[in-house]
Amino acid sequence: MRTITITLVLSTLLGASGLASAQPTAGEDSQHILTVDHYVPNQSIVPSINGETVQLYVRERVKPATVQRGAPRDDRVVLFVHGAGTPAEVAFDVPYEDYSWMAYLAAAGFDVFSMDMTGYGRSTRPNVMNEICNLSSEQQTALGRAPCQATHDAQLTTIASDWDDIDAVVEYIRALRDVPRVSLVGWSLGGPRAGGYAARNPDKVAKLVLLAPAYNRASGRDSPQPNPTPGVAFNAQSHADFTANWERQVGCANQYEPQAAAAVWSAMLESDPVGASWGQGVRRAPNTTSWGFGKAAVERMQTPTLMVAGIHDKQVLPERVRDYFDDLGAANKVLLDLGCASHNAMWERNHLLLFRASLEWLTAGTVEGMAAGVVRLGY
């Protein structure tokens, strides 16, 4: 599958009407999948930069024919929302063989977007994240530094600032593609991000697909106090940490390919040039104060939802995903129990089972023909 890359940098003054130049020409091969980079301005509510304008990086993958036909239906527009550490273009657009979830859906005729929250990937990063002293003392030591005093004494972002970032991008996409709703695909902390956003904005979200959603039944609807929670502002992950965290979740032979893991890590460092220069290279991510994705919120939700639990996931245990399935108020809900899979299921050997299930859900509202219930695949 060939890829054409188009970079589109938007100023804060450029609206959706300025996007015509990014549209493909009629002569382009309809099987090519375009990559279009957007930057969406948003007046931030991240506490340390409240009121400042940030630029949110949004990647689009789409076939020319999809947008040549005019605005796609709202059930064909998807926004991917990342988790606590890995930016979206790395998580969902892996540049290795057929591992790009975004390209898979784009090839099926979807207009596919992903976004980086403030503090991640190619989006604006608060200056707090450029100071190694704002890491934990243990992570400073791991980078070969003598620990120094932090200049920031609280977690950097909040789930509310994440929801605000999502809303800015959803509004941008709705205007760009002239659709009333989009579907959201979230991973890990992307569960509270995408699911929590859908709970508060059901009129803007068509369907949900949530891989390993970080659900906590006891999570209250209201923010904790103080907010954000006192503590370390952000964290860093080294290649050794990345590998060790994955290896502890291996439960079957050939669960993942080393080449796929290498492609993910390379893309991770490419998305964070500053972090790549620290020690032997790290990826940086803000610590986030989270709430609002517990039983009190989800039992009222009616958004059709596919949730996926990897059997070997040790970061978000499958039992937590089952709790979410049991508590969710929506009539149309499917729990995909995925064998030979960890928290990183979209980067592992059963990734195409995951991708295929998401495609069926987004198009037909079923998985293996089921609109409600539990489906087991990959065993």
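What this report covers is the structure whose coordinates are included nearby. Please read all numbers here as calculations on a predicted model, not as lab measurements. (Residues numbered from 1 in each chain as written. Predicted model: local features only at pLDDT ≥ 70, side-chain atom pairs only at ≥ 80, totals over all residues. Heavy atoms only, no water.)

1. Considerations on the overall build of the protein chain
So, step 1. For the protein chain, the helix and strand inventory stands at 12 helices and 14 strands.
So, step 2. Taken over C-alpha atoms, the radius of gyration comes to 20 Å for the protein chain, in line with the 21 Å a tight globule of 379 residues would show.
So, step 3. Here the C-alpha coordinates of the protein chain stretch approximately 55 × 45 × 40 Å along the principal axes.
So, step 4. In the protein chain, buried positions account for 58% of the 379 residues. (Helix = DSSP H or I, 4+ residues; strand = E, 2+ residues; numbered from the N terminus. Rg over C-alpha atoms; globule rule 2.2 N^0.38 Å. Buried < 20%, exposed > 50% of the residue type's maximum accessible area, 1.4 Å probe, protein only.)

2. A closer look at the side chain of threonine 289
So, step 1. Secondary-structure assignment places threonine 289 in strand 11 (residues 288-289).
So, step 2. Polar side-chain contacts of threonine 289 include one of 2.9 Å to the backbone nitrogen of threonine 229.
So, step 3. Every residue in contact with threonine 289, bar those within four places of it in the chain, is listed here: Gln155, Thr157, Thr158, Ile159, Pro224, Asn227, Pro228 and Thr229. (Polar contact = N/O pair within 3.5 Å; in protein donor to acceptor, adjacent residues only side chain to side chain. Contact = heavy atoms within 4.5 Å.)

3. Describing helix 8 (residues 258-270)
So, step 1. Its 13 residues place the ends of helix 8 18 Å apart at the C-alpha level, agreeing with the 18 Å of an ideal helix rising 1.5 Å per residue.
So, step 2. Of the residues making up helix 8, those classed as buried are Ala260, Ala261, Ala263, Val264, Trp265, Ala267, Met268 and Leu269.
So, step 3. Packed against the buried residues of helix 8 are helix 2 (88-92), strand 9 (234-238), helix 7 (239-247), helix 9 (273-276) and strand 10 (282-286). (Expected span 1.5 Å × (residues − 1).)

4. Re the environment of valine 250
So, step 1. Within the element layout of this structure, valine 250 appears in the loop between helix 7 and helix 8.
So, step 2. Overall, the relative accessible area of 33% leaves valine 250 in the partly exposed class.
So, step 3. Residues contacting valine 250, with those up to four places away along its chain left out, are Gln255 and Tyr256.

5. Side note on the packing of aromatic side chains
So, step 1. A complete count under the given rule lists 19 aromatic pairs for this structure.
So, step 2. With 5.3 Å between their ring centres and 20° between their planes, tryptophan 101 and phenylalanine 355 make a pair best called stacked. Within this pair, whereas tryptophan 101 is found in helix 3 (residues 101-107), its partner phenylalanine 355 is found in helix 12 (residues 351-364), the two being separated by 254 residues in sequence. In this pair, the class of tryptophan 101 matches that of phenylalanine 355, namely buried.
So, step 3. A ring pair is formed by phenylalanine 242 and tryptophan 347, whose centres lie 6.2 Å apart and whose planes are at 50°; its orientation type is tilted. A residue pair is termed long-range when its members are at least 10 positions apart, and phenylalanine 242 in helix 7 and tryptophan 347 in the loop between strand 13 (333-338) and helix 12 qualify at 105 residues.
So, step 4. Phenylalanine 242 gets classed as buried once you look at its relative accessible area, which sits at 6%.
So, step 5. The ring centre of tyrosine 57 lies 5.8 Å from the NZ or CZ of arginine 122, which sits over that ring. (Phe/Tyr/Trp six-rings, centres within 6.5 Å; stacked < 30°, edge-to-face > 60°. Lys NZ or Arg CZ within 6 Å of the ring centre and 35° of its normal.)

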